[in-house]
Amino acid sequence: MRTLALLLAASIAAPSWADEDIADQYPGSMLYSKPVEVIPNVWSAIGATAPPTYENAGHNNNLSFVVTGDGVVVINGGAAHGLAKALHDEIKVITDQPVKVVVNENGQGHAMLGNSYWSEQGVPIVAHTDAAHEFEEYGAQILQGMQRYNQDKAEGTFLAEPTETFDEEYIIEMGDYRLEVRYLGPAHSPGDVSVWLPEQSLVIAGDMAFHERMLPIFGDTMTADWLETWDAEFEPLNATYVIPGHGHPTNMDQVRRYTKDYLVYLRAQIREHIDNGGELADAYYVDQTPYKHLDTYDELATKNAGRVYEQMEFE
């Protein structure tokens, strides 16, 4: 088992350590990688930094859990029924404590489709109101997309919505731990939440923070709002340990560099392009080479630039 020190050192020294070209790091399981203990009793199965594929079974985000002493809190339902079961199998090896609650970080498939498994176990499932609405609205489409790439690995997956929702904060006090599930404000996608462990100075950031892969900007990702949320709510946490939505555990400096600083940089590039009379067709190709080493750069850089142009054109 890798220690936290090794994880952090590797993350800081070599952001490409989580290579998107590695199809599967844990062939004996549907999980992309075996869970690692980040700090005592806080574990995460680190997903691929590539898009979802049959090879990684859609495990391209982090599936985390906290062994509290009086039960287990799971963060993210997973992308499929079988993937959630695979995570549960690993939890059972680590502890006899039952899973007592699952938190969905947002309304995307890799956060919620595994709810199908957890619902069969009778486990309460918690999500932000906006995330639940997204899943309700687009769940059938999300499920079909997962079934296309996952094929037989999608077996058993059905739409299971959260059983509890909240708007601002959901507090879990269990065993020796206090977990604050917080909606910090608009960020990457509707209903993104972060799970803050104040006593441990650790945040399971979800898609608030990226560092090993390029962050994707969706059509409804308002980058100006994301930056405001970062400065007003996320940065003040001053977390010592950060488990991002994608990529290995790291620290605030790293996620700031590749999330906030990237958004600031891209917006500045697009602002200059607009001020010089540039059109959308050319905005796709503004310089993003300082971030070329990030996984998913080839898939996302031009899309990100185009979407930021469309946002900023009328700001």
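Fair warning: this is a prediction, and the values are worked out from it, not measured in the lab.

### Things to note about the overall build of the protein chain
- The helix and strand inventory of the protein chain stands at 9 helices and 12 strands.
- Taking 2.2 N^0.38 as the reference for a compact globule, 315 residues should give roughly 20 Å; the C-alpha atoms of the protein chain span a radius of gyration of 19 Å, in line with that estimate.
- By principal-axis analysis of the C-alpha atoms, the protein chain measures approximately 60 × 40 × 35 Å.
- Split into buried and exposed, the 315 residues of the protein chain put 57% on the buried side.
- Contacts spanning at least 24 positions in sequence make up 67% of the contacts within the protein chain whose residues lie at least 6 apart.
- Summing over all exposed atoms, the protein chain offers an accessible surface of approximately 12700 Å²; the carbon and sulfur share of this is 48%.
- Across the protein chain, 18 positive and 49 negative side-chain charges occur, with their mean positions spaced 4 Å apart.

### Topic: the UniProt feature "domain: Metallo-beta-lactamase" (unreviewed entry) in the protein chain
- Annotation from UniProt places "domain: Metallo-beta-lactamase" (unreviewed entry) at residues 61-246.
- Along residues 61-246, the helical share is 31% and the strand share 25%, with 5 Å between the first and last C-alpha atoms.

### Some remarks on the sheet that holds strand β9 (residues 177-182)
- Taken in spatial order, the 5 strands make up an open sheet running β8-β9-β10-β11-β12, and their pairing is mixed. Edge positions in the sheet fall to β8 (169-174) and β12 (241-244), since each of these pairs with one other strand and no more. Taken over all neighbouring pairs, the strand axes of this sheet differ in orientation by 15 degrees on average, direction set aside.

### Quick word on the environment of L143
- Position of L143 relative to the elements: it lies in helix α5 (residues 129-150).
- Through-space distance from the C-alpha of L143 to that of Q269 is 36 Å; in sequence the pair is 126 residues apart.
- Beyond its immediate sequence surroundings of up to four residues, L143 is in contact with L113, T157 and L159.

### Some remarks on the sheet that holds strand β7 (residues 164-166)
- What the 7 strands build is an open sheet, ordered β1-β2-β3-β4-β5-β6-β7; its pairing is mixed. Two strands lie at the open edges of the sheet, namely β1 (36-39) and β7, each paired on one side alone. Taking the axes of each pair of neighbouring strands and ignoring which way they run, one obtains an average angle of 25 degrees across the sheet.
- When strand β6 (residues 125-128) meets β7, the two strands line up parallel, connected through 3 bridges. Each residue of the ladder has a partner; that of A127, found in β7, is T165.
- Across the sheet, helix α2 (residues 81-94) lies against β2 (42-45), β3 (63-67), β4 (72-75) and β5 (99-103), angled at about 30 degrees from β3, the strand it touches most.
- Across the sheet, α5 is in contact with β6 and β7; its angle to β6 comes to roughly 100 degrees.

### Notes on the pairing of β1
- Judged from the 3 bridges that link them, β1 and β2 form a sheet pairing that is antiparallel. Within β2, the position partnered with V36 by the bridge is S44.
- Hairpin remark: β1 followed by β2, antiparallel, with 2 residues in the connecting loop; positive phi at N41, about 75 degrees.

### A look at the side chain of S44
- Along the chain, S44 turns up in strand β2.
- Given the relative accessible area of 0%, S44 is considered buried.
- A distance of 2.8 Å separates polar atoms of two side chains, one belonging to S44 and the other to S64.
- Look past the residues within four positions of S44 in its chain and what remains in contact with it is K34, P35, V36, V38, N62, L63, S64 and I243.

### Considering the packing of helix α7 (residues 252-275) against helix α9 (residues 297-312)
- The geometry of α7 relative to α9 is characterised by a closest axis approach of 10 Å and an angle of 65 degrees between their N-to-C directions. Every pair of crossing elements has a handedness; the one defined by α7 and α9 is right-handed. Counted together, Y262, L266, R267, I270, R271, H273 and I274 of α7 and N304, A305, V308, Y309 and M312 of α9 form the full contact between these two elements.
- Grouping the constituent residues of the contact of α7 with α9 by class yields 8 nonpolar, 2 polar and 2 charged.

### Looking at the packing of aromatic side chains
- Considering all chains together, one arrives at 9 aromatic pairs under this definition.
- These aromatic residues form a ring-pair network of at least three members: Y258, Y262, Y265 and Y291.

About the criteria used
- Residues numbered from 1 in each chain as written.
- Predicted model: local features only at pLDDT ≥ 70, side-chain atom pairs only at ≥ 80, totals over all residues.
- Heavy atoms only, no water.
- Helix = DSSP H or I, 4+ residues; strand = E, 2+ residues; numbered from the N terminus.
- Rg over C-alpha atoms; globule rule 2.2 N^0.38 Å.
- Buried < 20%, exposed > 50% of the residue type's maximum accessible area, 1.4 Å probe, protein only.
- Contact = heavy atoms within 4.5 Å.
- Areas by Shrake-Rupley, 256 points an atom, 1.4 Å probe, with all protein chains shown as cover.
- Lys, Arg positive; Asp, Glu negative; His and termini not counted.
- Charge placed at Lys NZ, Arg CZ, Asp CG, Glu CD.
- UniProt positions renumbered as here; feature names shortened; annotations may be inferred.
- Pairing = 2+ DSSP bridges.
- Axes fitted to C-alpha atoms, helices over the stretch in contact; angles between N-to-C directions.
- Polar contact = N/O pair within 3.5 Å; in protein donor to acceptor, adjacent residues only side chain to side chain.
- Left-handed = near helix turned anticlockwise from the far one by under 90°.
- Nonpolar A, V, L, I, M, F, W, Y, C, P; charged D, E, K, R; others polar.
- Phe/Tyr/Trp six-rings, centres within 6.5 Å; stacked < 30°, edge-to-face > 60°.

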